[in-house]
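So the chains spell out like this:
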Amino acid sequence: MSPELLEVGRVVKPHGLAGEVVVELWTDLATRVAPDSVLESDAGSLRVLSSRPFGHRFLVRLEGVGDRPAADALRGAVLRAAPEPRPGTLWVHELVGAQVVDLKGAVLGRVDAVEPNPASDLLVLEGGGLVPLRFVVRHTAGTQVVVDVPDGLLD
């Protein structure tokens, strides 16, 4: 698997007898299952022939999957795709490992992880410090994150 690929969903189960599968997307981009999209999985590349909404999931027909046994063989397969550029979007894979500095240029540490939080996801720094993503003012993918944190936040 290429490290640039992101997990975007999984095949939940087969649907019907003609090879359709139920796909649960882990992204808000329904274009991931648009016709002619190519998804990667441990089973190899999967080209989407057609898809349609099915509740909060999608029914997807994939090239080379023409019957229920073939669809059932994909049950549980994690689907991956390359990141799609979205201006103003912060991607976890671009933040982890980046150096965090404040507006004055002081180094605050490196990002170890991004922790989900209802109010604002948090940058988890090497030393355990937490910086809400809402304080990120700019970033350079994989190298630097500039933050404008209130005084005392990391004390």
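Here, every reference points to the structure presented above.
Residues numbered from 1 in each chain as written. Predicted model: local features only at pLDDT ≥ 70, side-chain atom pairs only at ≥ 80, totals over all residues. Heavy atoms only, no water.

1. Notes on the pairing of strand S4 (residues 44-54)
By the bridge criterion, 4 bridges tie strand S3 (residues 38-41) to S4 in an arrangement that is antiparallel. Bridge assignment links glutamate 40 to a residue of S4, and that residue is serine 45. Linking S3 to S4, which pair antiparallel, is a turn of 2 residues. Bridging between S4 and strand S5 (residues 57-62) involves 6 bridges; their strand directions are antiparallel. Bridge pairing links serine 50 to arginine 61 in S5. What sits between the antiparallel neighbours S4 and S5 is a turn of 2 residues, in which glycine 55 has the positive phi angle 65°. (Pairing = 2+ DSSP bridges. Helix = DSSP H or I, 4+ residues; strand = E, 2+ residues; numbered from the N terminus.)

2. A short note on the nonpolar core
Grouped together as the largest cluster of nonpolar side chains are 18 residues, with contacts concentrated most on Val23, Val60 and Leu62. If near-sequence neighbours (up to four positions away) are discounted, valine 60 is found in contact with Gly19, Glu20, Val21, Val23, Val33, Val48, Ser50 and Ser51. Counting residues in each nonpolar core, the second largest holds 14 residues, with Val100, Leu123, Val136 and Val147 among its members. (Core = buried A, V, L, I, M, F, W, Y, C linked by side-chain atoms within 4.5 Å. Buried < 20%, exposed > 50% of the residue type's maximum accessible area, 1.4 Å probe, protein only. Contact = heavy atoms within 4.5 Å.)

3. Remarks on the pattern of salt bridges
Applying the stated criterion across every chain, the model contains 7 salt bridges. Between glutamate 24 and arginine 10 there is a salt bridge; the shortest N-O distance is 3.2 Å. Remark: arginine 10 occurs in strand S1 (residues 6-15) and glutamate 24 occurs in strand S2 (residues 20-25); sequence separation between them is 14 residues. Taken together, the shared-partner salt bridges connect Asp36, Arg47 and Glu63 into one network. (Salt bridge = Lys/Arg side-chain N within 4 Å of Asp/Glu carboxyl O.)

4. Structural notes on the side chain of glutamate 20
As for its placement among the helices and strands, glutamate 20 is situated in strand S2. Owing to a relative accessible area of 9%, glutamate 20 belongs among the buried residues under this scheme. Separated by 3.0 Å, the side chains of glutamate 20 and arginine 52 make a polar contact. (Polar contact = N/O pair within 3.5 Å; in protein donor to acceptor, adjacent residues only side chain to side chain.)

5. Description of the side chain of serine 41
Secondary-structure assignment places serine 41 in strand S3. At a separation of 3.0 Å, a polar atom in the side chain of serine 41 contacts the main-chain amide nitrogen of alanine 43. Those residues in contact with serine 41 that sit more than four places away from it in its chain are Leu46, Ala77, Val78, Leu79 and Arg80.

6. Some words on the sheet that holds strand S11 (residues 136-140)
Judged by pairing direction, the sheet is mixed, and its 6 strands sit side by side in the order S10-S9-S8-S7-S12-S11 without closing on themselves. The strands lining the two open edges of the sheet, one partner per strand, are strand S10 (130-132) and S11. Each neighbouring strand pair of the sheet contributes to a mean axis angle of 35°, computed without reference to strand direction. Note: strand S8 (residues 107-115) against strand S9 (residues 122-125), 4 bridges, orientation antiparallel. In the strand pairing of S9, alanine 113 is matched with valine 124. (Axes fitted to C-alpha atoms, helices over the stretch in contact; angles between N-to-C directions.)

From the geometry alone we can't say anything about function, so treat these as descriptive.
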